[in-house]
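Single-letter residue listing:
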Amino acid sequence: MNTPTPAIGRTADPSPRISLRKAGTAIFWTVLALYGILTLYPFLWLLISAFKTNTDFYNRPFGLPESWQWDNFSRAWESSRLGSAFGNSLIVTIGSLVLTLFVAALSSFILARFQFKGKGGVLAFFVVGMLIPIHSTLVPLFILMKQMSLLNTYWALVLPYTAFALPTAIFVLTAYLTSIPRELEEASFIDGTGLWGLFFRIMLPISLPALSTVTILSFLHAWNDFSFALVFINKTALKTLPLAIANFADGYQTDYGLTLAAMTLSVIPTIVLYLLFQEQMMKGMTAGAVKG
Amino acid sequence: MHALRSRRFIWMGLGPTLILYALFVFVPVIWSAYYGFFNWSGIGEAKFIGLDNYAEILRDPVFWRALKNNVIFVLASVFGQVPLALMLAVLLHKSNLLQRFLRSAVFLPMVLSTVVIGMIWQYIYHPQIGILNFLLDALGLENWKLEWLSDRNIAIYSLIPPLIWSYVGLYLIIFMSALQNIPGEIHDAAKIDGVSGARKLVTITLPMIKNTVQVAVILCISGSLKSFDLVYIMTKGGPAHASELLATYMYNSTFTTYRYGFGSAISTTIMVISLLLIGTSQWLTSRKKGRA
């Protein structure tokens, strides 16, 4: 075991070390490539299998489909009500996004640029709220929604999505707005701009980078949410995409290709957005997680 | 300058935010604490029963199994995700094309709906068409084939690979930005001292990002308490409650049997557990910092 050869080789003859290093690099890239394949394979499998017939699932589990079943997609679209689910997801996502951005930006502007009594209390209020695990509110929120007759409405999703997106949004935006120099608003006061003008015409445009982080976080949260939709919505016409896909799978469990085609269709928008904005998404989600 | 006007502006701006946040984040907490003392099926009179719901929870073996499964999820995240993400972060620190591609691939599951992720893994584990069992067949390991999700002894462990797979990207990005924040002088000093490779990693790099690792561990703990979607989609907490988590336990005992009082008591219990856990981990890390 403890032969002195490697030590001698290291000082006298560099070639074994170089070949060792080459082997190391080779192993390094092999491991990385393997991990990459492993991590992407489930998606690749989903995409390929969406074109298969049921017999292909048994006969060619790893291969390409014997014939590409394009009509899996059209059948999935028709039988799964994906169109209405897309519409519902779009409505609740945009609704909560607009509400979150407006309310959070206005509050952050106030928290970052004004000195007033009770400011510390307001900030502490948001910090404490961040400690509440979101799922532990499912049952009481359900009771609350029922008492407010909001169950099975878009509001049942828009309002909680907004409320739970608020703390992170406010922290991201307040931190950003605090860093803006005072001279800017002093100049605008001299120009006679009011507080609302200052907010809409100067603060909103200037905080665009922070607003885009908030947009990404709120979009992904609302678009992908399953648990709130599961508990607050049971009218088929109002089901959002994740809920519709989950229910569809329960109903069509034996037509594998059809279910997988519906799943594929449902992830396409997110994957396209990810390809376009991946750097921002990575940064935004890590900022959200660490602050949240 | 316009003290009165700006005071009106401040509370007009903050008011809607505070009301929205209080109503959908704090009121549920108070509600669940209150209804936890009642026997209530959602309709009719709620009957005050004192601490009976809590006594029932503590006597329920399913609650303890759910708690244990949550602990298993925390351990799997801390000892699976964190080391894997650290390793990948070190390996992917350069940004050539392949490394950037791998980073994007590893992060991709983070932006997709957990519903689709859970369903993909359901198919991977599928007893008839699952590629995992086909793979074991192909490798001549028929004996290793299992009923991955319907065997009560292994179901909870089968949920760990999808859990790790879907969140490792988040920790990867967190660690990568921590590694990038190590000042260049430290790398230079290490070079001058002739420290490199594995020794540099253990003696310099890892201690430099110790705080980030602590943050990641806290994220693992709070993330595990948030797990609901993945388990609900893949096993619904079954078979026979074997893979129940606290959140699915709460869902299943509230909405399948209409016991809103009992469910509220579980909500409050989850809240207390998570506050205790977060409090303890914060206390531990701050105590360590105080000593250092």
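A quick note: this is a predicted structure, and the numbers were derived from the prediction, not measured.

**Digging into the domain arrangement of chain A**
Residues and elements named next belong to chain A.
Line of reasoning, step 1. The domain boundaries assigned to chain A delineate domain 1 (5-71) and domain 2 (80-291).
Line of reasoning, step 2. Look at where the C-alpha atoms of domain 1 and domain 2 centre, and you get two points 37 Å apart.
Line of reasoning, step 3. Counting residues at the interface gives nine residues for domain 1, matched by seven residues for domain 2.
Line of reasoning, step 4. The set of elements that each furnish at least two residues to the side of domain 1 that touches domain 2 consists of helix H2 (15-49) and helix H3 (54-59).
Line of reasoning, step 5. A total of three residues in the side of domain 1 that touches domain 2 trace back to one element, the largest contributor, which is H2.
Line of reasoning, step 6. Taken together, the residues of the side of domain 1 that touches domain 2 sort by class into four nonpolar, four polar and one charged.

**Digging into helix H5 (residues 114-124) of chain B**
Line of reasoning, step 1. With 10 of 11 residues buried, H5 of chain B is to be regarded as a mostly interior element.
Line of reasoning, step 2. Of all the residues in H5 of chain B, the buried ones are Thr114, Val115, Val116, Ile117, Gly118, Met119, Ile120, Trp121, Tyr123 and Ile124 of chain B.

**Digging into the interface of chain B and chain A**
Line of reasoning, step 1. Across the boundary between the two partners, chain B contributes 65 residues, which contact 62 residues of chain A.
Line of reasoning, step 2. Among the residues making up the side of chain B that touches chain A, the classes are represented as 49 nonpolar, 13 polar and three charged.

**Structural notes on the UniProt feature "transmembrane region" (unreviewed entry) in chain A**
Residue and element names in this part refer to chain A.
Line of reasoning, step 1. Under the UniProt annotation, "transmembrane region" (unreviewed entry) lies at residues 26-48, 90-111, 123-143, 155-177, 198-223 and 256-277.
Line of reasoning, step 2. Secondary structure content for residues 90-111 is 100% helix and 0% strand, while the C-alpha to C-alpha distance between its ends is 31 Å.
Line of reasoning, step 3. Helix makes up 96% of residues 198-223 and strand 0%, and the two end C-alpha atoms of the span are 32 Å apart.

**Observations regarding the UniProt feature "transmembrane region" (unreviewed entry) in chain B**
Residues and elements named next belong to chain B.
Line of reasoning, step 1. The positions that UniProt labels "transmembrane region" (unreviewed entry) are, in the present scheme, residues 9-31, 71-92, 104-124, 154-174, 215-235 and 260-279.
Line of reasoning, step 2. Between the C-alpha atoms that bound residues 104-124 the distance is 22 Å, and the span itself is 90% helix and 0% strand.
Line of reasoning, step 3. With 86% helix and 0% strand, the stretch residues 215-235 has end C-alpha atoms that lie 30 Å from each other.

About the criteria used
- Residues numbered from 1 in each chain as written.
- Chains lettered and ligands numbered in written order.
- Predicted model: local features only at pLDDT ≥ 70, side-chain atom pairs only at ≥ 80, totals over all residues.
- Domains from an automatic or database assignment.
- Contact = placed C-beta atoms within 7 Å.
- Helix = DSSP H or I, 4+ residues; strand = E, 2+ residues; numbered from the N terminus.
- Nonpolar A, V, L, I, M, F, W, Y, C, P; charged D, E, K, R; others polar.
- Buried ≥ 20, exposed ≤ 12 C-beta atoms within 10 Å, placed from the backbone.
- UniProt positions renumbered as here; feature names shortened; annotations may be inferred.

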